[in-house]
Amino acid sequence: EAGVTQFPSHSVIEKGQTVTLRCDPISGHDNLYWYRRVMGKEIKFLLHFVKESKQDESGMPNNRFLAERTGGTYSTLKVQPAELEDSGVYFCASSQVGLVYEQYFGPGTRLTVT
Amino acid sequence: GIQVEQSPPDLILQEGANSTLRCNFSDSVNNLQWFHQNPWGQLINLFYIPSGTKQNGRLSATTVATERYSLLYISSSQTTDSGVYFCAGRVNAGNMLTFGGGTRLMVKP
């Protein structure tokens, strides 16, 4: 069974540009989460999808971040326009819906904004 | 939200030594996970352990939910155990995991 995959693994962009990160969850996992770790800080929750619906986006830092999950499969996270403080590692995780709620994480996308 | 504190923040071991990492929670959690972040930055699931004790090879974990803490034991450490260990918990009312600051482990040969 394939794990959570993320693309790209690394992205370097200039301040003001746009970047789109992609996450493919484990097949059959309806829950999809985005987290990020900015330099020196803890891993923080961004938002949670159940299928194609946003269940909780309380962790999204501002309106420069837009997440979508059309069709309830893969998800994208767009940052537009990117700022220096957006640099960090963006993780995606997925889990099944049910009593066992273990989340499985992807390898992350390292975003560098210069 | 809950606060998650991990200790120690840094740990240096000689290969073959044993260690205990601790995770304290400010509130009750119904999902507790331990992860190992390897040198490539990947978060590897170690344990899903909301309560009780589990073992997997040289690693074991114990969560005492009523006292709001979890322990990760590493026995006979190897250099490949190096990296950052994170614990993360989920409270009843939410779906997100709240992470601790991690314990950075270095195992020397």
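Everything discussed here concerns the structure shown above.
A few points on the structure. Everything quoted here is computed from the prediction, not taken from an experiment. (Residues numbered from 1 in each chain as written. Chains lettered and ligands numbered in written order. Predicted model: local features only at pLDDT ≥ 70, side-chain atom pairs only at ≥ 80, totals over all residues. Heavy atoms only, no water.)

Some points on the state of the cysteines
Part 1 of the argument: The final tally for this structure, using the stated rule, is two disulfides over all chains.
Part 2 of the argument: Here Cys-23 of chain A is linked by a disulfide to Cys-92 of chain A, with a sulfur-sulfur distance of 1.8 Å. Its torsion about the S-S bond being -60°, the disulfide of Cys-23 of chain A and Cys-92 of chain A is classed as left-handed. Taken as a pair, Cys-23 of chain A in strand β3 (residues 19–24) and Cys-92 of chain A in strand β9 (residues 88–95) lie far apart in primary sequence, 69 residues in all. No difference in accessibility class separates Cys-23 of chain A from Cys-92 of chain A, as the two residues are buried.
Part 3 of the argument: The disulfide partner of Cys-23 of chain B is Cys-87 of chain B, and the gap between their sulfur atoms is 1.9 Å. Residues Cys-23 of chain B and Cys-87 of chain B are joined by a disulfide whose S-S torsion is about 75°; by sign, that bridge is right-handed. In this pair, Cys-23 of chain B is assigned in strand β3 (residues 19–25) and Cys-87 of chain B in strand β9 (residues 83–90), connecting sequence segments 64 residues apart. Cys-87 of chain B shares its class with Cys-23 of chain B; the two are buried. (Disulfide = S-S within 2.5 Å. Helix = DSSP H or I, 4+ residues; strand = E, 2+ residues; numbered from the N terminus. Buried < 20%, exposed > 50% of the residue type's maximum accessible area, 1.4 Å probe, protein only.)

Let's talk about the sheet that holds β3 of chain B
Residues and elements named next belong to chain B.
Part 1 of the argument: Across the sheet, five strands lie side by side as β1-β3-β8-β7-β6; this open sheet has antiparallel pairing. In this open sheet, the two edge strands, each paired with only one partner strand, are β1 (4–7) and β6 (52–56). Put simply, the sheet's adjacent strands are angled 15° from each other on average, direction ignored. (Pairing = 2+ DSSP bridges. Axes fitted to C-alpha atoms, helices over the stretch in contact; angles between N-to-C directions.)

What to know about the interface of chain B and chain A
Part 1 of the argument: Taken together, the contact between chain B and chain A spans 17 residues of the former and 19 residues of the latter.
Part 2 of the argument: For the pairing of chain B and chain A, the buried interface totals around 1600 Å² over both sides, and the portion due to carbon and sulfur atoms is 56%.
Part 3 of the argument: Summed over the shared surface of chain B and chain A, the result is five residue pairs in polar contact (both at pLDDT 80 or more).
Part 4 of the argument: For the side of chain B that touches chain A, the secondary structure elements donating two or more residues are β4 (31–37), β5 (43–48) and β9 of chain B.
Part 5 of the argument: It is β4 of chain B that provides the largest number of residues to the side of chain B that touches chain A, a total of four residues.
Part 6 of the argument: Of the residues that constitute the side of chain B that touches chain A, the class distribution is seven nonpolar, nine polar and one charged. (Contact = heavy atoms within 4.5 Å. Buried area = accessible area lost by both parts, 1.4 Å probe. Polar contact = N/O pair within 3.5 Å; in protein donor to acceptor, adjacent residues only side chain to side chain. Nonpolar A, V, L, I, M, F, W, Y, C, P; charged D, E, K, R; others polar.)

Some words on the sheet that holds strand β7 (residues 65–68) of chain A
Residue and element names in this part refer to chain A.
Part 1 of the argument: In spatial order, the strands read β1-β3-β8-β7; together these four strands make up an open sheet with antiparallel pairing. Both outer strands of the open sheet, β1 (5–7) and β7, are each paired with one neighbouring strand and no more. For this sheet, the mean angle separating the axes of adjacent strands, direction not counted, is 15°.
Part 2 of the argument: The sheet contact formed by β1 and β3 spans three bridges and is antiparallel. Of the residues in β3, the one forming a bridge with Phe-7 is Arg-22.

Looking at the pattern of salt bridges
Residues and elements named next belong to chain A.
Part 1 of the argument: Evaluated as defined, the whole model comprises five salt bridges over all chains.
Part 2 of the argument: Between Asp-24 and Arg-22 there is a salt bridge, with its nearest N and O atoms 2.7 Å apart.
Part 3 of the argument: With relative accessibility at 25%, the residue Asp-24 sits in the partly exposed group.
Part 4 of the argument: Lys-54 serves as the salt-bridge partner of Glu-57, at 3.9 Å between the closest nitrogen and oxygen. (Salt bridge = Lys/Arg side-chain N within 4 Å of Asp/Glu carboxyl O.)

Quick notes on the pairing of strand β5 (residues 44–50) of chain A
Residue and element names in this part refer to chain A.
Part 1 of the argument: Burial within β5 is extensive, with five of its seven residues counted as buried.
Part 2 of the argument: Pairing of strand β4 (residues 31–38) with β5 involves six bridges; the strand directions are antiparallel. Bridge pairing in β5 places Tyr-33 opposite His-48.
Part 3 of the argument: The pairing of β5 with strand β6 (residues 53–56) spans three bridges and is antiparallel. Across the sheet, Phe-49 pairs through a bridge with Lys-54, a residue of β6.
Part 4 of the argument: What sits between the antiparallel neighbours β5 and β6 is a turn of two residues, in which Lys-51 has the positive phi angle 55°.

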